Amino acid sequence: MANVIKLRKGLDINLKGKAEETKIQLKSNGKYALVPDDFEGVVPKVVVREGDRVLAGDALFVNKNYPTVKFASPVSGTVTAVERGDRRKVLSIRVDADAEQKYKDFGVKDVNKLSGDDVKALLLEAGLFGYINQLPYAISTNPDAAPKAIFVSALRDMPLAGSFEYEVKGQEKDFETGLTALSKMAKTYLGVGTDSTLAAQLPAQSNVEVTVFDGKCPAGNVGVQVNHLDPVNKGEVVWTIGDPTVVLFIGRLLRTGHVELKRTVALAGSEVNHPAYVDMLVGQELGTLVSNSYDASHSVRIINGNPLTGRKTTKDGFLGAHTSEITIIPEGNDNDEMLGWIMPRMGQFSVNRSYCSWLFGKKQYALDARIKGGERHMIMSGEYDRVLPMDIYGEYLIKAIIAGDIDRMEALGIYEVSPEDFALAEFVDSSKLELQRIVREGLNNLRKENS
């Protein structure tokens, strides 16, 4: 019987355009790219050159600070470009896929016969270890870290997020195998939602502890789950997988001997003509997916991820390593509202019931990307705390980060948080601060100080 934790804080934002549980067929144009920025905290060192031939599973780059941590090509083909930006920063490694895919063979493994060191060595060699993150600092972890536990969240509850319950259908054995492999390295916790069937599918002898999180968004954030199950103190490390598809990657590797970075992605948003799901590979070019999916005459924002934590992208962008949805919403730069804020705004969402739309009960909203106001002084109103179900003082922590007060940051729990934990706080923030950016900068500065 799974434990149940009831969360009373949070906010569900019901947006139009949630993907229907049907799949569309997508023919790839053969263009792929692995983007190092998808792996926070990694300093990339490219190990291929333009013109090199690679197999699916061959390393394209490694972490310069930990060279044993490789990052695998999603396809076999020819390396066409190593794209660099300012100061020669590596932006992407591009690969044109072969018509017939070939895989590097790592050998089929019996997970029950492997030790934790065996699992770690296999993940490092196959280029999948870097998909595991860690707290503190919310970065891609390293093989030298000794985690006290591993946390996996299979609950996706961000606005327009793709359903993992739908994705995992037919792949239950891969998921079970991946979880078992993780449990070989450290005690593993699996967080699920109230309507999840994943816990019932795990064998009775499974070494995984399952917890049901009953509450509003961001109950699915792995940082929130860590905070309620086994908080991180200074000097401790936990490994986190907030993207449960990574567990499928690991399970497939063990069961087939191949690196197969296929994931089911939700194409969603109020601007999408037919919201649905599609199977894609990590790094696949988005052009064939989004080109005919919305009205080109509209000004839209294409987001690699969900509207709260995703990154703005274009048709020429590539599917992120941890992206489970591509969302398209109105940009909002062509809006012309008569009388502005003084109107009742029946169709717009308000957290504090400033608009009359709350009178109509639960309804779906087509929100755009406007901030609706400029940055202003921070008001200590407790609005962060109402949507942050963690045992920390969010507003005081943000102030400490802005002030650069390291002792204060540590005392207020910065080791327990990641930027995505403040996504909802950023949405409701009347001061219009970029809270996720502030938290990321605070974590990066703290990591430098402690290195």
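Preceding block: the structure.
As the structure is a computational prediction, the values presented were derived from the model and not from experiment. (Residues numbered from 1 in each chain as written. Predicted model: local features only at pLDDT ≥ 70, side-chain atom pairs only at ≥ 80, totals over all residues. Heavy atoms only, no water.)

**A few points about the pattern of salt bridges**
Turning to step 1, where the next piece is worked out: Using the criterion set out here, one finds 24 salt bridges in the structure.
Turning to step 2, where the next piece is worked out: A salt bridge links K104 to D58; its shortest N-O distance comes to 3.9 Å. Highlighted residues: K104 in the loop between β8 (90-97) and α1 (116-126) and D58 in the loop between β4 (53-54) and β5 (59-63), separated in sequence by 46 residues.
Turning to step 3, where the next piece is worked out: Relative accessible area serves as the criterion here: at 26%, K104 is assigned to the partly exposed category.
Turning to step 4, where the next piece is worked out: Overall, the relative accessible area of 18% leaves D58 in the buried class.
Turning to step 5, where the next piece is worked out: Taking the shortest distance from any N to any O, the salt bridge between R437 and E434 comes out at 2.7 Å.
Turning to step 6, where the next piece is worked out: Taking the relative accessible area as the measure of exposure, R437 reaches 39% and is therefore partly exposed. (Salt bridge = Lys/Arg side-chain N within 4 Å of Asp/Glu carboxyl O. Helix = DSSP H or I, 4+ residues; strand = E, 2+ residues; numbered from the N terminus. Buried < 20%, exposed > 50% of the residue type's maximum accessible area, 1.4 Å probe, protein only.)

**Regarding the pairing of β5**
Turning to step 1, where the next piece is worked out: Of all the five residues making up β5, four are buried; the element is thus mostly covered by neighbouring parts of the structure.
Turning to step 2, where the next piece is worked out: Looking at chain direction, strand β3 (residues 44-46) and β5 are connected through three bridges and run antiparallel. Along β5, the bridge assignment pairs P44 with N63.
Turning to step 3, where the next piece is worked out: Note: β5 against strand β6 (residues 66-72), four bridges, orientation antiparallel. For N63, the partnering residue across the bridge sits in β6 and is Y66.
Turning to step 4, where the next piece is worked out: In sequence, β5 turns back onto β6 through a hairpin of two residues. (Pairing = 2+ DSSP bridges.)

**Some details on the nonpolar core**
Turning to step 1, where the next piece is worked out: Membership of the largest hydrophobic core comes to 64 residues, with the highest contact counts inside it found for L60, L123, Y131, F175, L182 and L190.
Turning to step 2, where the next piece is worked out: In terms of residues, this core owes the most to one element, helix α6 (residues 245-256), which gives seven residues.
Turning to step 3, where the next piece is worked out: Once residues lying within four places of it in the same chain are set aside, the contact partners of Y131 are L34, F39, V246, F249, L261, V282, A321 and H322.
Turning to step 4, where the next piece is worked out: Residues A138, L308, I398 and V417 belong to the second largest nonpolar core, which totals 54 residues. (Core = buried A, V, L, I, M, F, W, Y, C linked by side-chain atoms within 4.5 Å. Contact = heavy atoms within 4.5 Å.)

**Observations regarding the environment of K102**
Turning to step 1, where the next piece is worked out: Its place among the elements puts K102 in the loop between β8 and α1.
Turning to step 2, where the next piece is worked out: Taking the C-alpha atoms as reference points, K102 and R87, 15 residues apart in sequence, are found 35 Å from one another.
Turning to step 3, where the next piece is worked out: Ignoring sequence-local partners within four residues, the contact set of K102 consists of L55, A56 and S76.

**A look at unusual backbone geometry**
Turning to step 1, where the next piece is worked out: Cis geometry is adopted by the peptide bond preceding P136, which originates at L135 and carries an omega value of 10°.
Turning to step 2, where the next piece is worked out: Structurally, P136 can be placed in the loop between β9 (133-135) and β10 (139-140).
Turning to step 3, where the next piece is worked out: With an omega of 15°, the peptide bond between C217 and P218 qualifies as cis.
Turning to step 4, where the next piece is worked out: Looking at the secondary structure, you find P218 in the loop between β13 (208-214) and α5 (222-229).
Turning to step 5, where the next piece is worked out: For R88, which is not glycine, the phi torsion reads 60° and is therefore positive.

**Quick word on the sheet that holds strand β2 (residues 31-34)**
Turning to step 1, where the next piece is worked out: Reading across the sheet, the four strands line up as β2-β8-β7-β4 and stay open at both edges, with antiparallel pairing between neighbours. Looking at the sheet topology across the chains shown, the edges are occupied by β2 and β4.
Turning to step 2, where the next piece is worked out: Here β2 pairs with β8 via four bridges, running antiparallel. Within the sheet, the bridge partner assigned to L34 lies in β8 and is I93.

**Digging into the environment of T80**
Turning to step 1, where the next piece is worked out: Take T80: it is sitting in strand β7 (residues 77-84).
Turning to step 2, where the next piece is worked out: For T80, a relative accessible area of 33% translates into the label partly exposed.
Turning to step 3, where the next piece is worked out: When the C-alpha atoms of T80 and R49 are compared, they prove to be 8.3 Å apart, with 31 residues separating the residues in sequence.
Turning to step 4, where the next piece is worked out: Residues within four places of T80 in sequence aside, it is in contact with E50, R94, V95 and D96.

**Examining the packing of aromatic side chains**
Turning to step 1, where the next piece is worked out: Applying the stated criterion to the full structure yields 13 aromatic pairs.
Turning to step 2, where the next piece is worked out: Here Y131 and F249 contribute two aromatic rings whose centre-to-centre distance is 5.8 Å and whose plane-to-plane angle is 85°, an arrangement assigned as edge-to-face. Of the two residues, Y131 sits in the loop between α1 and β9 while F249 sits in helix α6, which places them 118 residues apart along the sequence. Here Y131 matches F249 in class, with each residue buried.
Turning to step 3, where the next piece is worked out: Here F164 and F175 contribute two aromatic rings whose centre-to-centre distance is 5.3 Å and whose plane-to-plane angle is 55°, an arrangement assigned as tilted. Of the two residues, F164 sits in helix α2 (residues 164-167) while F175 sits in helix α3 (residues 172-185), which places them eleven residues apart along the sequence. (Phe/Tyr/Trp six-rings, centres within 6.5 Å; stacked < 30°, edge-to-face > 60°.)

**Quick notes on α3**
Three- or four-residue spacings in an α-helix give side chains the same orientation, since the helix completes a turn every 3.6 residues.
Turning to step 1, where the next piece is worked out: The terminal C-alpha atoms of α3, which comprises 14 residues, lie 21 Å apart, in line with the 20 Å expected from a rise of 1.5 Å per residue.
Turning to step 2, where the next piece is worked out: Buried residues dominate α3, accounting for eleven of its 14 residues.
Turning to step 3, where the next piece is worked out: Among all positions in α3, only D174, F175, E176, T177, G178, L179, T180, A181, L182, S183 and M185 are buried. (Expected span 1.5 Å × (residues − 1).)

**Some remarks on the side chain of S92**
Turning to step 1, where the next piece is worked out: Relative to the helices and strands, S92 is located in strand β8.
Turning to step 2, where the next piece is worked out: By relative accessible area, S92 is classed as buried at 2%.
Turning to step 3, where the next piece is worked out: Contact partners of S92, with chain neighbours within four places excluded, come to A33, L34, V35, P36, A81, V82 and E83.

**What about the sheet that holds strand β15 (residues 262-268)?**
Turning to step 1, where the next piece is worked out: Pairing in this open sheet of five strands is mixed, and the strands run β16-β15-β19-β17-β18 from one edge to the other. Looking at strand neighbours, the two that pair on one side only are β16 (276-281) and β18 (311-313), the edges of this open sheet. Along the sheet, successive strands turn relative to each other by an average axial angle of 35°, direction set aside.
Turning to step 2, where the next piece is worked out: Relative to strand β19 (residues 325-330), strand β17 (residues 300-304) runs antiparallel, the two sharing five bridges. (Axes fitted to C-alpha atoms, helices over the stretch in contact; angles between N-to-C directions.)

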